[in-house]
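# Examining the three-dimensional arrangement
Letter by letter, the chains look like this.
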Amino acid sequence: MSHTPRSLRSRAVLTCALLVAPLIAGLSGCGGSPDPLSAKPYDAADQISFSGDGEGRKANPDKPLEVTAKDDDSRITDVTATDAAGRYVRGELTDDGRHWRSTVPLAAGAHYTLKVSTEDGGGAPGRRTVDFTTSSAHRLLKVTFGPKAGEYGVGQPITAKLSRAVKDPSARAVIERALKVDSRPAVEGVWHWVDSRNLHYRPQEYWPAHATISVHSNLKGIRIGGGLYGGAAKSLRLTTGDRLEALTDSGTHQMTVKRNGVPIRTIPITTGMPGFDTRNGIKVILAKESAVRMTGASIGLGAGSYDLMVYWAARVTKSGEYVHAAPWSTGSQGYANVSHGCTGMNTANAQWFFNTVRLGDIVQVVHSNGDDMATFDNGYGDWNMAWADWRKGSAVASGQSDATPADSARLRPQV
């Protein structure tokens, strides 16, 4: 074991003491001039004003939120404004620190927290925190989603009905961006403006089988334009079942029903006779009626032409086109078209079809001499519009392009 001589240890202790002494002296000397930034912030209520000030007065959501330094010797160093959900309101502070202004619209009828940091002429920090609300909107735009919650076929479009007409393209874009549709599995879709009060949403192709589709609105309190603000909307949840498609061939007088791409039944049918030809194109089942009264008067024929109770009827147009039981025409089914526009089959096949399909399932008619199915005004003909044209009906997606060669064609039947 080695030992350090006592004289060396003494000199080492003395040297350390001499080094520490100037540091202590230096710290004592700084004690009289504290750093202003280390001081507790003072209340800056008298140094600033903001556009929501006033006893009982609410901020106007139609105007930017503004914060101003009132004293010439003070300046604003930082501003944060957040809504009740913690989302930040973007804004800009002038270079001289005299003025801050929000750069995004405030929501109507919303609560905000404003935090302002200041600095006085001596560099001391100040702070003010203010809670305020914005005034409620007088003109609200309400949205009603459709259809009702439940399980549907893969051809069911999503609808949004507005309580007021909206024609301005910029206002339409605000609305579209706030109406959210999410599906699992995920597919890309687009809103299409049917008119100034109605929008439809669909993917490029049909929805996936066994998908979950969630629809909600983020419009509440959002300024749309022209004094119009978004109101509350009830969310919607849908699911899809198997992919059911009925291909109706008026030329061969046969209907082929497929489940998930696999044929499960071929049915002899009759469709519209000359002058009452069934509409060509893709249709979606709108309703199922186990019994419905059909009369010739409803399609412009004489009152005594026919008056029948028809069973197992699946409706595909608003104007009254059905797939239904037609026991009076079984001799023509599979051979000739003798109906007044509906697709008829024997009672057993009609009952099977009625029990197999659901609302939103696809019925596609080909090789008829009839007109094409209208896109919007006679049910859900949405799928007859080419994807590129569908996107043109969007205020958001119309300026974008993701078209492929297949987009320019309609969905083609598998024949």
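Per-chain numbering applies: the sequence of each chain, read as written, is numbered from 1 onward. With the structure being a predicted model, the display of local features is reserved for residues of pLDDT at least 70 and the display and counting of side-chain atom pairs for 80 or more, all residues being used for whole-chain, interface and lining totals. The basis for every side-chain value is the complete set of heavy atoms in the structure, and neither hydrogens nor water enter the calculation.

Of regular secondary structure, the protein possesses 4 helices and 28 strands. When the 415 residues of the protein are sorted by exposure, 42% land in the buried category. Within the protein, counting contacts between residues at least 6 apart in sequence, those at least 24 apart form 65% of the total. What sets the accessible areas is the Shrake-Rupley method with a 1.4 Å probe; for residues, cover comes only from the shown protein chains. Accessible surface for the protein amounts to roughly 21,800 Å². Of this, 51% is attributable to carbon and sulfur atoms. Note on conventions: DSSP H or I runs of at least 4 residues are helices, E runs of at least 2 residues are strands, and numbering of each starts at the N terminus. Per-residue accessibility, obtained with a 1.4 Å probe over protein chains only, is compared with the maximum for each type, and a residue is labelled buried under 20%, exposed over 50%, and partly exposed between these values. Contacts between residues were defined by any pair of non-hydrogen atoms, one from each residue, lying within 4.5 Å.

Remark: nonpolar core denotes a set of buried residues (Ala, Val, Leu, Ile, Met, Phe, Trp, Tyr, Cys) joined through side-chain atoms within 4.5 Å. Counting residues in each nonpolar core, the largest one holds 32 residues, and the members touching the most others are Ile175 and Trp191. What Ile175 contacts, discounting residues up to four positions off in sequence, is Leu141, Leu162, Val166, Trp193, Leu219 and Ile224. One finds Ile48, Val67, Ala110 and Phe132 within the second-largest nonpolar core, a separate group that totals 20 residues.

So, on to the packing of aromatic side chains. Only the six-membered ring of Trp is used, alongside the rings of Phe and Tyr, when aromatic pairs are assigned; centres must lie within 6.5 Å, and planes under 30 degrees apart are stacked while those over 60 apart are edge-to-face, with the rest tilted. This model, assessed by the stated rule, comprises 7 aromatic pairs. Seen from their ring centres, Phe50 and Phe132 are 5.3 Å apart, and the 55° between their planes marks the pair as tilted. Taken together, the positions of Phe50 in strand β2 (residues 48–50) and Phe132 in strand β8 (residues 125–133) put the pair 82 residues apart, joining distant regions of the chain. Phe132 shares its class with Phe50; the two are buried. Taken together, a centroid distance of 5.6 Å and an interplanar angle of 20° make the contact between Tyr112 and Phe132 stacked.

With that settled, consider the pattern of salt bridges. When a carboxyl oxygen of Asp or Glu lies within 4 Å of a side-chain nitrogen of Lys or Arg, that pair is called a salt bridge. Counted by the stated rule, this structure contains 13 salt bridges. Here Glu321 makes a salt bridge to Lys283, at a shortest N to O gap of 2.5 Å. Highlighted residues: Glu321 in the loop between β25 (307–315) and β26 (322–325) and Lys283 in strand β23 (residues 281–284), separated in sequence by 38 residues. According to the relative accessible area criterion, Lys283 is buried, its value standing at 0%.

Here we come to a negative patch on the surface. Surface patches are drawn from residues lacking salt bridges whose relative accessible area is over 30%; two like charges belong together within 9 Å, two nonpolar side chains (Val, Leu, Ile, Met, Phe, Trp, Tyr) within 5 Å. Only four residue types enter the charge count: Lys and Arg as positive, Asp and Glu as negative, with His and the chain ends excluded. Throughout, a charge is located at the NZ atom of Lys, the CZ atom of Arg, the CG atom of Asp or the CD atom of Glu. Judged by side-chain charge, Asp43, Asp46, Asp71 and Asp73 come together as a negatively charged surface patch. You can see Asp71 is positioned in the loop between β3 (66–69) and β4 (75–83). The exposure class assigned to Asp71 is partly exposed, which follows from its relative accessible area of 34%.

The next subject is the sheet that holds strand β6 (residues 99–102). In spatial order, the strands read β2-β3-β6-β5; together these 4 strands make up an open sheet with antiparallel pairing. The outermost strands of the open sheet, each flanked by one partner alone, are β2 and β5 (91–93). On average, each strand axis in the sheet is inclined to that of its neighbour by 10°, with strand direction left out of account. Any two strands with at least two DSSP bridges between them are considered paired. Convention adopted: a line fitted to C-alpha atoms gives each axis, helices being fitted over their contacting stretch, and angles between N-to-C directions are expressed from 0 to 180 degrees.

On to a positive patch on the surface, then. On the surface, a cluster of positive charge is contributed by Arg139, Lys161, Arg164 and Arg197. Checked against the element boundaries, Arg139 lands in strand β9 (residues 139–141). Judged by relative accessible area, Arg139 falls into the partly exposed class, the value being 35%.

What follows is about the side chain of His192. Locating His192 in the fold gives a position in strand β14 (residues 189–193). Within the structure, the side chain of His192 is placed 2.8 Å from the backbone oxygen of Trp390, a separation counted as a polar contact. Once residues within four sequence positions are removed from consideration, His192 is found in contact with Asn198, Leu199, His200, Phe376, Met385, Asp389, Trp390 and Gly393. Polar contact is the term for a pair of N or O atoms within 3.5 Å; when the atoms are in protein, one must be able to donate a hydrogen and the other to accept it, and sequence-neighboring residues count only if both atoms are side-chain atoms.

Along the chain, the position of Ser196 falls in the loop between β14 and β15 (198–203). Setting aside anything within four residues of it in sequence, one finds Ser196 in contact with Leu162, Arg164, Ala165, Val166, Lys167 and Arg172.

Our focus in this paragraph is the confidence of the model for the protein. Considering every residue of the protein, the mean pLDDT works out to 86; 82% of them sit at 70 or more. Here pLDDT means the predictor's own confidence in every residue, given as a number from 0 to 100. Of the regions scoring below 50 in pLDDT, residues 402–415 engages in 25 contacts with residues more than four places distant in sequence or in other chains.

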